[in-house]
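Architecture at a glance
So you can see what is in the structure, the chains are spelled out below.
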Amino acid sequence: MLLGIGGRMAGEAGAEAVFVAIRNLSKHFGAFQALKDIHLDVKRGEFVSFLGPSGCGKTTLLRAIAGLDRQSGGTIAINGRDVSNAPPSERDFGIVFQSYALFPNLTIADNVGYGLVNQRRSKAEITARVAELLAMVGLSGQLTKYPAQLSGGQQQRVALARALATSPSLLLLDEPLSALDAQVRLRLREEIRDVQRRLGVTTFMVTHDQEEALSMAERIVVMNHGVIEQIGTPEEIYRNPATTFVAEFVGRISLLPGVAHGIDAVEMAGRRFLATRAAEIADGAAVEVGIRPEAIRVRGVTGSEPNALPVRITDLEFLGAFCRATLVAEGAPGLTLIADFSANLLRDLGLQQGAAITVDLPADALRVFPARASA
Amino acid sequence: MSGDARLRRPLIREQTVATLLVLALIIVLVLIIALPLWSLLSKSLQNASGGYVGLANFATYFATPSMVSALFNSLGVALMTTLLVVPLAFAYAYALTRSRMPAKGVFMGIALLPIFAPSLLGAISLIYLFGNQGVLKGLLFGHSIYGPIGIVFAEVCYCFPHAVMIIATGLRLADGRLYEVAEALGTKPTRVFFTITLPGVRYAAISAAFVVFTLVITDFGIPKVIGGQFTVLATDAYKQIVGQQNFEMGAVVGLILLVPAVLAFFVDRQIQKRQVALLSARAVAYEPKPAPMRDALLLAFSSVIGLVLVAMLGMAIWASFIRYWPYNLSLTLAHYNFGEFEPGGWEPYLTSLAMAGCVATFGTGLVFLGAYLVEKTKVPMPLRSLAHFLAMLPMAVPGLVLGLGYVFFINAKSSPFGWLYGTLAVLVINTIAHFYTVGHITATTALKQIDGEFEAVSASLKVPFWTTFRRVTVPISMPAILDIAVYMFVNALTTISAVVFLYGPSTKLASISIIHMDESGATAPAAAMATCIVLTAIGAKTLHVVLDRLVFSRLQVWRKR
Amino acid sequence: MKSKFLVGVGLCLAALIASAPIASAQTRTKVTAYTALENDQLQPFKAAIEAGVPDVEIVWVRDSTGVITARFLAEKDNPRADLVIGLVATSLLLFEKQNLLDEYKPKDSDKLRPGFRDTAGPYTWTGMDAILAVVCFNTVEAKKDSAAAPVSWEDLTKPAFKGKIVMPHPASSGTGYLQVAAWLQIMGEEKGWAFMDKLHENIAVYTHSGSAPCVQAAKGERMVGIGFDMRGAKEKTNGAPIDLIVPKEGVGWDLEATAVVKGSKNLEAARKVAEWSATKAANDLYGKYSAIVAHPDVKSAPPNYPADAEAKLVKNDFAWMANDRERILKEWVKRYEGKAAPK
């Protein structure tokens, strides 16, 4: 176990039990409320991402879990133990920052072995462990270099190895990829995911990049203004956003004003569309109806579909593999939709700016939200 | 299993250690800075036997014409010096930053020379240059160098490096794009100067003006040596305390000296804030274009100033080797045989070295550790803010005033520190306190540049902060630490104003010995002692630069890519 | 790197500890002596005293007469000095009056000239030598201005000397005060002040110390210095183009004396030094630095010393000089200090 990289294998006993339990967590800086009443249960070995715009409280939440910034109220339990008031050194986590935070005056080996030295392990043990960790992140043979001699991606790998050196039960990643080039970012994304799966270490990652969250995390916690908007798998979050904020923040979506009608329909610009909605939205209530750009159908639309809508293409934005089209409903300029049309489709149907077409908004792709106060 | 063992609570939590350390820092700073100032304040409201008399001492002060005239003399001299230094320093700094004149490095070095000498060295040089037997006496057209003329001249040289450094920093912040735009619009150079250059450095110039004003009004060495019958606040304080043991009146003078310094401090803080806004807007560094006429003029100007500064240093050094000015100009080392003129012989010099060494060692340690605690620990903010405030306080307190505060604090009847009086320890402590702020700012700036997450990473790795402090923070900050140490060493060597009230029979410092030798007319030995100080200070700085260039670059391979 | 740092810290600690008064592991008793002796006298005096009183180590606190006097008085509740050596009798009388001196009579004191020892009240101080004020006159500078050498004090008020004269500040310098007191004694108060008013017009600067005037005159920085006699003689011996003039009306003088401080923590050692100070050996030492010495058998003839000086000493009333010191200084400060600086 000492040298084994897989300190805790996924699927070990108790994997289904709650490993990190956060209750009623709140934090304020003066009058500013950074976190409000956060509840979160995370299972052992899970990869959870905190996603949200800057200032949403995601980093505050991570630092509260680490014990770096103490919460104002509420509790945090790790592995059944209440650590709400424990200092960071008693919480057993490894952490990786956007800035790498590598010690510039220490070699790569010394950086990775930094936490091991303090555990009074033998020199040989430390050397072996450091070599093992660096091999894991693909940096064997860079032992004696200094951080400044490595590229950003390499430095972040060292930071990851250092964080994992003491086999912590929790791995905290604070925007780990934000400082890197796009290409490096993509590769490191996979590597981190891979290492995390292999070690089965429970991981929290803070990011503002939805793509990063969607591709890496098993579960995403979408946050805004210090509250959790939604918790779910990437697919749930994308397909079934709980709020207009989540819908808009994760992926593209068109949100159209409307009114709930009957039990299974909404009315927009005088037209009626079939759409299922949550029970708490009363008949006649103002709503916003969301649809993802790729869900809008064009091919084979006859006009007799219940949700068919004649539109005019007012703008076509070329984006390489596809075009993003702006569609305005005929006779209802308030209804503006964004649709993604593949190059094939454009060619097959001869679509051009200014063309009038009929599109179908499939009922199962329409998401109905209560109208926002400001909307 | 091992997981639980690793999570066991240590005996002492880091947080507790950090909090205790910050509390200890606050206690130390209160003891060495706040309480002495408080003693000064309360002393000024007491009579000789310690009874409270309200503002009676101040009333006496303002009712005594000779004292009030010293106040106006001080204000006049400080104002005059400021009006002279700021334009001169501006032109010099302009030459250093905005021209293509040759040997800029040499001129920068020359501008800094006065920093390495006790202020009164310049005054001694002036006596040799313009005194009644001075080589250039004719230039004064019958006026006497003893008095305001000499004071202002010597103060101008003494304050010059401070003003140049501040204004040059301001000039370096210029946005090159503004000049390109102006050129593209066909603006005349004079108009560019008045519409872009001058407004750009006005904050730096104001800041320099306040620094100079404070330096002059609180300087003691120059008026002591060359003031003649012209009394100023600083010499008045010395006379009240040392000459007449009139502590209450000394305290009053000290408080009056505090007023302009505190005023300057707060104005400067306001200006600094505005300067930041200016800084963030900058984009492109200004690159001076060749202009032979301008460069030649600036070179001529800088050469004249440089010559004066070198002469102010060199004249005293030369005079220290002359057998009997002005009647026997043969050279001799006799004036360096200090036993002839000074009961301690070379001892004051050695004491100064020991004092400066201790200040550099302990002061740098305290300042850096203190800045670290304030900047990097998780101790509750109010405590850290208080420590920071105390650390910034000495900036607003002239050395003379701090020294007076120490006299009162230590010698108070109820003081438990009476045994410190006259020891090397009190000189060291006082000097550390006197120069605390600049070291604190240097350390804080260096620490701010270090990744703020190092402590978080260490905590996550269960490495206590003091290990990271030792293994990472200190090695990374070594250049800043050396800067602070050299700054403290040089200033401890040259300082007079604070320690003149505190030295004891076995702890007389070189700078005080200079004053005493000059008082008894032994000007050449005074110059000789000053020469020893200057050479030591310049030697220390040179060693620092050489170490920094050679040894350090080798030790710190990690700084290079 | 680290070990060097530790060594540095160690050295500094050692230096600090060594400087702390309690920690000095000396077998000799450290005796703090307040003095206004000339700087160049201190090392020989220390050596001679420590040779004569082997178990004593002298620690000097040296400053001008006025400074030492003020400091001594300020510390009267908690005296830091054990001894006073080489301070003017005027100041010691002041201390005696305030009961700050130890009553102690060295054996040899009876052998000293009568005027050189404490005669009134309890015996506290023992005279060493006399210090005088003389006029140091730079002949080179005088020739440039074709100024005639002064023979009387009145001569110094002539316009030819305007801005050319320096004298010591009487509040800080013993020499300064003894001469001011002399003028008041030989001319009477009213005429004395009137004379000083006129002299003030010619004074360039009042120096802190009594030796500075003759040094400045010696270097030609000033033409005339009214200052400490022995300094003038020494400068002339060193080759300075000065004449030492004793004005015909007479010159001021005072005694330099020794006394033990009441409440000294090293009383025994201090008394031993006082004992030594009255010996012939001690007076032989004084003779090297002074023309007029307490012991009648010690004949001193310093080179270039004006021969007529002793004959022209004014008649001094020491009790008056001590008792009226504060009043005189106050009047002097009121008249001459803080006015626009004369050229």
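Quantities reported herein were computed from a predicted structural model and do not represent experimental measurements.

Here the focus is the overall build of chain C. Counting its secondary structure elements, chain C contains 13 helices and nine strands. In terms of C-alpha radius of gyration, chain C reaches 22 Å, essentially the compact-globule figure of 20 Å for 343 residues. Its C-alpha atoms give chain C principal-axis dimensions of about 65 × 60 × 40 Å. Within chain C, buried positions represent 62% of all 343 residues. The contacts of chain C with a sequence gap of at least 6 include a subset with a gap of at least 24, amounting to 75%. Counting 44 positive and 42 negative side-chain charges, chain C places the centres of these two groups 4 Å from one another.

Once that is clear, we can look at the domain arrangement of chain C. Residue and element names in this part refer to chain C. Entries for chain C in the domain assignment read domain 1 (25-130 + 254-286) and domain 2 (131-253 + 304-339). Computed from C-alpha coordinates alone, the two centres of domain 1 and domain 2 are separated by 27 Å. Listed per partner, the contact involves 19 residues of domain 1 and 23 residues of domain 2. It is Glu38, Thr90 and Asp254 that lose the most area in domain 1 upon contact with domain 2, and together they represent 33% of the buried surface on that side. For the pair domain 1 and domain 2, the number of links is four salt bridges. Counting every contact that joins domain 1 to domain 2 gives ten residue pairs in polar contact (both at pLDDT 80 or more). Going through the elements one at a time, helix 3 (65-74), helix 4 (89-97), strand 4 (125-138) and strand 9 (253-260) are the ones with two or more residues in the side of domain 1 that touches domain 2.

Bringing the state of the cysteines into the picture now. Enumeration according to the criterion identifies one disulfide over all chains in this entry. Disulfide pairing is shown between Cys136(C) and Cys214(C); the S-S distance is 2.0 Å. Measuring handedness by torsion sign, the sulfur bridge of Cys136(C) and Cys214(C) sits at about 80° and is right-handed. Of this pair, Cys136(C) sits in strand 4 while Cys214(C) sits in helix 8 (residues 212-218), and the two are 78 residues apart along the sequence. Summarising the burial analysis for this pair, Cys136(C) and Cys214(C) share the class buried. Sulfur of Cys532(B): no disulfide; nearest cysteine sulfur belongs to Cys358(B) and is 20 Å away. Overall, Cys532(B) belongs to the buried group, its relative accessible area being 9%.

Next up on the list: the pairing of strand 15 (residues 308-318) of chain A. Residue and element names in this part refer to chain A. Sheet topology places strand 15 next to strand 18 (residues 356-360); five bridges connect them, and they run antiparallel. Counterpart to arginine 312 in the pairing with strand 18 is alanine 356. The turn linking strand 15 back onto strand 16 (residues 322-329) is made up of three residues, and glycine 320 within it adopts a positive phi angle of 90°.

All names here are of chain A. Strands sit in the order 17-16-15-18 across an open sheet of four strands; the sheet is antiparallel. Looking at which strands have only one partner, the edges of the open sheet turn out to be strand 17 (336-342) and strand 18. Averaged over all neighbouring strand pairs, the angle between strand axes comes to 50°, with direction disregarded. As paired strands, strand 15 and strand 16 are joined by seven bridges and run antiparallel to one another. Paired with arginine 312 across the two strands is valine 328, which belongs to strand 16.

Take the sheet that holds strand 1 (residues 18-29) of chain A next. Residues and elements named next belong to chain A. Taken in spatial order, the four strands of this open sheet run 2-1-4-5, and their pairing is antiparallel. With one partner strand each, in any of the chains shown, strand 2 (32-43) and strand 5 (81-82) form the two edges of the open sheet. Bridge count for strand 4 (residues 73-78) against strand 5 is two bridges, and the pairing is antiparallel. Residue pairing across strands places alanine 77 opposite aspartate 82, the latter belonging to strand 5. Helix 1 (residues 58-66) contacts strand 1, strand 2 and strand 4 of the sheet and is inclined by roughly 120° relative to strand 1.

This part covers the interface of chain A and chain B. Quite often, the size of an interface is put as the accessible area lost when its parts meet. On the chain B side, the residues contacting the 38 residues of chain A number 30 residues. For the pairing of chain A and chain B, the buried interface totals around 3000 Å² over both sides, and the portion due to carbon and sulfur atoms is 57%. Area buried by chain A at its contact with chain B is led by Glu90(A), Asn105(A) and Tyr114(A), which between them contribute 21% of it. One can count four salt bridges joining chain A with chain B. Between Asp69(A) and Lys378(B) there is a salt bridge; the shortest N-O distance is 3.3 Å.

Bringing the interface of chain C and chain B into the picture now. Contacts between chain C and chain B engage 52 residues on the former and 50 residues on the latter. Summed over both partners, the interface of chain C with chain B comes to about 4200 Å²; 57% of that surface belongs to carbon and sulfur atoms. Two residues, Lys239(B) and Glu337(C), come together in a salt bridge whose shortest N-O distance is 3.4 Å. At the junction of chain C with chain B, the criterion picks out 15 residue pairs in polar contact (both at pLDDT 80 or more).

All names here are of chain B. By secondary structure assignment, the location of serine 477 is in the loop between helix 20 (465-476) and helix 21 (478-494). Residue classification places serine 477 among the buried positions, given a relative accessible area of 2%. Contacts of serine 477, omitting those with residues within four sequence positions, involve Phe368, Leu447 and Ile450.

The top pair by number of contacts, from a total of two pairs of chains in contact, is chains B and C. With respect to C-alpha atoms, chain A approaches chain C no nearer than 15 Å, and the pair has no contact.

Here the focus is helix 15 (residues 381-392) of chain B. The end-to-end C-alpha distance of helix 15 of chain B is 16 Å, a good match for the 16 Å that twelve residues give at a rise of 1.5 Å each. Among the residues of helix 15 of chain B, Arg384(B), Ala387(B), Leu390(B), Ala391(B) and Met392(B) are the ones counted as buried.

For the rest of this paragraph, the subject is the confidence of the model for chain A. In the predicted model, chain A carries a mean pLDDT of 90, and the fraction of residues at 70 or more is 95%. Predicted confidence for residues 1-15 of chain A stays below pLDDT 50, and this span has 30 contacts to residues more than four positions away or in other chains.

All names here are of chain B. When we look at burial in helix 8 (residues 176-184), the residues that qualify are Gly176, Tyr179 and Ala182. Each buried residue of helix 8 lies within a common arc of 125° when the element is viewed along its axis, so the set occupies one face. The secondary structure elements touched by the buried residues of helix 8 are helix 4 (65-98) and helix 9 (189-218).

This part takes up the nonpolar core. Phe50(A) and Phe204(A) are the most contacted members of the largest nonpolar core, which has 217 residues in total. Domain assignment of the residues forming this core places at least three in each of domain 1 (1-44 + 327-561) and domain 2 (60-319) of chain B. When near neighbours in sequence (up to four residues on either side) are disregarded, Phe204(A) contacts Val20(A), Leu40(A), Val42(A), Val48(A), Phe50(A), Leu62(A), Ile65(A), Leu170(A), Leu171(A), Leu172(A) and Leu173(A). Judged by nonpolar contacts, the second largest core, of 85 residues, contains Tyr324(B), Trp153(C), Leu156(C) and Tyr336(C).

What counts and how
- Residues numbered from 1 in each chain as written.
- Chains lettered and ligands numbered in written order.
- Predicted model: local features only at pLDDT ≥ 70, side-chain atom pairs only at ≥ 80, totals over all residues.
- Heavy atoms only, no water.
- Helix = DSSP H or I, 4+ residues; strand = E, 2+ residues; numbered from the N terminus.
- Rg over C-alpha atoms; globule rule 2.2 N^0.38 Å.
- Buried < 20%, exposed > 50% of the residue type's maximum accessible area, 1.4 Å probe, protein only.
- Contact = heavy atoms within 4.5 Å.
- Lys, Arg positive; Asp, Glu negative; His and termini not counted.
- Charge placed at Lys NZ, Arg CZ, Asp CG, Glu CD.
- Domains from an automatic or database assignment.
- Buried area = accessible area lost by both parts, 1.4 Å probe.
- Salt bridge = Lys/Arg side-chain N within 4 Å of Asp/Glu carboxyl O.
- Polar contact = N/O pair within 3.5 Å; in protein donor to acceptor, adjacent residues only side chain to side chain.
- Disulfide = S-S within 2.5 Å.
- Pairing = 2+ DSSP bridges.
- Axes fitted to C-alpha atoms, helices over the stretch in contact; angles between N-to-C directions.
- Expected span 1.5 Å × (residues − 1).
- pLDDT = per-residue confidence, 0-100.
- Arc of directions from axis to C-beta.
- Core = buried A, V, L, I, M, F, W, Y, C linked by side-chain atoms within 4.5 Å.

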